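Chain residues, written in single-letter form:
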Amino acid sequence: MEKYFEISKNKQNIRCKLYYDKGRAIEKVVLFGHGFAGHKDNNSAQKFANRLLTKYKGIAVLVFNLPCHGDDIKKKLTLPDCMTYISLVVDYIKAELHTDEIYSYSTSFGSYLVLKYIYDYENPFRKIAMRSPAVNMCDAVKQNIMRGDELDRVLKGKNVSIGFDRKIEISRQFLTELEEADIRTNDYTGFADDMLMLHGTRDEVISFEASQRFAASNHIEFIAVENADHRFQNPEHMELATKKVIEHFGFGV
């Protein structure tokens, strides 16, 4: 089943979507983090959730809109707000879904945020899986997501709307936050045993080489998916990613 709901706490309003088995107690929750300009009705999250709920019992998948994404009501995107949203959603899972068996599966910008969160705040996740992780998020925004004179306009203090299917308005402040929060300078070796990274060799948005270097320097298991693009649009590539993530989480073992 699917359920839409909102987390309203500390003057924040987070719009969420939960996939679950009606009538069955939730024992484990996968928190799915969407990418830049994504939203809670993420197609890959839905497919992943359907796969899990079909094969395994007692597992739910929760997706939430990041600030300024989807139908979120915020107008200004900031990293502190992203961190606050993650914290409040984790608290909700523990208090309202009554489990601390929380797993993280994220993509792109969502993976960048998870990595920042566990380093700067806490690690509430039993296992962490990342697909096309934006370990070089600032570079990706400047070089691959922005178009034309958008970078120049932001540097001059103007806001611009950038993204793919949907657009997100960003400011000079947000770009500065990304510049100052380069997660590649952090040491994640203490988390590495519980991490998995998958990245397509033909990623057109996030550097495959940057991701590969990050994984190697932090001793994180890394799976190179030959010829996969950023979104893993080829069904065979997505199927491989789903299989590897489920194996990593240890569901059904």
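This is a predicted model, so every value here is computed, not measured.

What about helix 3 (residues 109-120)?
Logical step 1: A rise of 1.5 Å per residue sets the reference length of helix 3, with its 12 residues, at 16 Å; its end C-alpha atoms lie 16 Å apart and thus fit the reference within 8%.
Logical step 2: Counting buried residues along helix 3, 10 of its 12 residues qualify, which places the element largely inside the surrounding structure.
Logical step 3: Among all positions of helix 3, only F109, G110, S111, Y112, L113, V114, L115, K116, Y117 and I118 are buried.

Observations regarding unusual backbone geometry
Excluding glycine, residues mostly have negative phi values, and the peptide bonds linking residues are mostly trans.
Logical step 1: Backbone geometry at A37 places phi at a positive 70°, although glycine is not the residue there.
Logical step 2: Along the chain, A37 falls in the loop between strand 3 (28-33) and helix 1 (43-55).
Logical step 3: For S132, which is not glycine, the phi dihedral falls at a positive 50°.
Logical step 4: Within the secondary structure, S132 sits in the loop between strand 6 (128-131) and helix 4 (137-145).
Logical step 5: Here S132 falls in the buried class, since its relative accessible area comes to 1%.

Quick notes on the sheet that holds strand 5 (residues 102-107)
Adjacent strands of a sheet form backbone hydrogen bonds with each other and so pair up, either parallel or antiparallel.
Logical step 1: Strand order in this open sheet of eight strands is 1-2-4-3-5-6-9-10, and the pairing throughout is mixed. Two strands bound the open sheet, and with one partner strand each, they are strand 1 (2-9) and strand 10 (221-225). The sheet shows a mean angle of 20° between the axes of neighbouring strands, direction not considered.
Logical step 2: Sheet strands in contact with helix 2 (residues 79-96) are strand 1, strand 2 (12-19), strand 3, strand 4 (59-64) and strand 5, and its direction is about 50° off that of strand 2.

Procedures and definitions
Residues numbered from 1 in each chain as written. Predicted model: local features only at pLDDT ≥ 70, side-chain atom pairs only at ≥ 80, totals over all residues. Heavy atoms only, no water. Helix = DSSP H or I, 4+ residues; strand = E, 2+ residues; numbered from the N terminus. Expected span 1.5 Å × (residues − 1). Buried < 20%, exposed > 50% of the residue type's maximum accessible area, 1.4 Å probe, protein only. Pairing = 2+ DSSP bridges. Axes fitted to C-alpha atoms, helices over the stretch in contact; angles between N-to-C directions. Contact = heavy atoms within 4.5 Å.

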